[in-house]
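Residue-level structure breakdown
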Amino acid sequence: MKFTKDDKIVVLTGAGVSAESGLQTFRDAGGLWENYRVEDVSSPEGFDKNPAFVWKFYKERLKQLENAQPNPAHFAIKKLEDFAKDNFTLVTQNIDGLHRKAGNKRVLEMHGALDRCRCLKCNEYWLISQVDLSPDIPTCEKCGGILRPDVVWFGEVPYHLNEIAKVSREADYFIVVGTSGVVYPAAMFVQIAKDSKATTICVNKEEPANLVFFDEFYKGKAGEILPKLVDEWIGEVKE
Ligand code: OAD
Ligand code: ZN
């Protein structure tokens, strides 16, 4: 299979794409949801109840990120954007920012980003680097309100949904990497793409929950499989 420059390509990623960068996934053995209850650290109710605990969780995520670098899977996705240019859209559920670090320009971070937070009182957005993280509950320099991480929690509406639905409908190829396919709405976009006649491709260590919507499934580690696939797709390898 070979892509042309006219093909519209969408890549959707999840935590599995960052596993080889040393970041824990959520649902694998040893994943984050083994040690934390989702509702405690990833819901507005959890934050209301115990903001210091939620902040402790996200400060740990930030700490893990300090030494994390993009891996070959991120760079393969960057290569796809370089090939397809404006016909390429990257959608990610990840909040780690590693796709931006790998050089991808058009990244729709549907679950927000760890390197930003916002004020619950005045709604000002802050880069995490601008914020004094030493208090248990960081506050807004402008109004003194409580800051929360700018990540999307369960029960909240993800970012960019209209645009993601649009590019999913228009896609010629819809490629999903490193996600268990259990969290909605992220898991439904492959269905939209398939209904609109895209070729749908999955690269994942295990079968995702929404496997039925994929035309092709490549089982294994993204960092090992994806670079070869991308080279094939963009014609850097003779078939
Ligand atoms: P999960 O932890 O649910 O799934 C990660 C998937 O990646 C699993 O299916 C693994 O088999 C696969 N995987 C692990 N290592 C891999 C590797 N090296 N190469 C390829 N695949 C690998 O993570 P997500 O699907 O991203 O949401 O989770 C979705 C959402 O649930 C997250 O965005 C987060 C979480 O709760 C919020 O916090 C709102
Ligand atoms: Zn404020």
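Overview of the structure. (Residues numbered from 1 in each chain as written. Chains lettered and ligands numbered in written order. Predicted model: local features only at pLDDT ≥ 70, side-chain atom pairs only at ≥ 80, totals over all residues. Heavy atoms only, no water.)

Details of helix α10 (residues 222-233)
Over its 12 residues, α10 runs 15 Å from end to end, which matches the ideal 16 Å to within 8%, given 1.5 Å per residue. Burial in α10 covers these residues: Ala-222, Gly-223, Ile-225, Leu-226, Leu-229, Val-230, Asp-231 and Trp-233. Lining the buried residues of α10 we find α6 (72-84), β7 (173-177), β8 (199-204) and β9 (216-219). Downstream of α10 by a residue or two, Gly-235 has a phi angle that is positive, lying close to 80°. (Helix = DSSP H or I, 4+ residues; strand = E, 2+ residues; numbered from the N terminus. Expected span 1.5 Å × (residues − 1). Buried < 20%, exposed > 50% of the residue type's maximum accessible area, 1.4 Å probe, protein only. Contact = heavy atoms within 4.5 Å.)

Overview of the pattern of salt bridges
Counted by the stated rule, this structure contains 17 salt bridges. The salt bridge partner of Asp-231 is Lys-79, with a shortest N-O separation of 2.5 Å. Within this pair, whereas Asp-231 is found in helix α10, its partner Lys-79 is found in helix α6, the two being separated by 152 residues in sequence. Residue classification places Lys-79 among the partly exposed positions, given a relative accessible area of 29%. For Arg-100, the salt bridge is made with Glu-109, and the minimal N-O distance between the two is 3.0 Å. Judged by its relative accessible area of 35%, Arg-100 falls in the partly exposed class. Via salt bridges that share partners, Arg-100, Glu-109, Asp-115, Arg-116, Arg-118 and Asp-150 belong to a single interconnected network. (Salt bridge = Lys/Arg side-chain N within 4 Å of Asp/Glu carboxyl O.)

Remarks on the sheet that holds strand β2 (residues 88-92)
Spatially, the six strands line up as an open sheet ordered β3-β2-β1-β7-β8-β9, and their pairing is parallel. Sheet topology places β3 (107-109) and β9 at the edges, where each strand pairs with a single neighbour. Along the sheet, successive strands turn relative to each other by an average axial angle of 15°, direction set aside. Relative to β2, strand β1 (residues 9-13) runs parallel, the two sharing five bridges. The partner of Leu-12 across the bridge, within β2, is Val-91. (Pairing = 2+ DSSP bridges. Axes fitted to C-alpha atoms, helices over the stretch in contact; angles between N-to-C directions.)

Some details on the sheet that holds strand β6 (residues 147-151)
As a general point, the strands of a sheet are linked pairwise by backbone hydrogen bonds and lie either parallel or antiparallel. Spatially, β5-β4-β6 is the arrangement adopted by the three strands of the open sheet, whose pairing is antiparallel. At either margin of the open sheet sits one strand with a lone partner, and together these are β5 (125-127) and β6. Adjacent strand axes in the sheet meet at a mean angle of 40° when their direction is disregarded. Here three bridges tie strand β4 (residues 112-119) to β5, and the two strands are oriented antiparallel to one another. Note on β5: the bridge partner recorded for Cys-117 is Trp-126.

Re the site of ligand 1
Lining the immediate surroundings of ligand 1 are 25 residues, of which Ala-15, Glu-20, Arg-27, Thr-179 and Ser-180 lie closest. A distance of 2.7 Å separates an oxygen atom of ligand 1 from a polar side-chain atom of Arg-27. The contact in question runs from an oxygen atom of ligand 1 to an N or O atom on the side chain of Asn-204, over 2.9 Å. When isolated, ligand 1 has an accessible area of 800 Å², and the protein chains bury 95% of it. A molecule is said to occupy a pocket when more than half its atoms come within 2 Å of that pocket's grid points, and by this definition ligand 1 occupies the largest pocket. (Near = heavy atom within 4 Å. Polar contact = N/O pair within 3.5 Å; in protein donor to acceptor, adjacent residues only side chain to side chain. Areas by Shrake-Rupley, 256 points an atom, 1.4 Å probe, with all protein chains shown as cover. 1 Å grid on protein atoms, 1.4 Å probe; cavity = no way out; pocket = protein on both sides within 12 Å on 5 of 7 lines; lining within 4 Å. Sits in = over half its atoms within 2 Å of the grid points.)

Details of the packing of α6 against α10
It is the contact of α6 with α10, at a shortest axis distance of 7 Å, that shows an interaxial angle of 20°. The angle between the axes of α6 and α10 places the two elements in the roughly parallel class. For α6 against α10, the interelement crossing comes out left-handed. On α10, the residues touching Pro-72, Ala-73, Ala-76, Ile-77, Lys-79 and Leu-80 of α6 are Ala-222, Gly-223, Leu-226, Pro-227, Val-230 and Asp-231. Its residues assigned to classes, the contact of α6 with α10 comprises nine nonpolar, one polar and two charged. (Parallel < 35°, antiparallel > 145°, perpendicular 65-115°, else oblique. Left-handed = near helix turned anticlockwise from the far one by under 90°. Nonpolar A, V, L, I, M, F, W, Y, C, P; charged D, E, K, R; others polar.)

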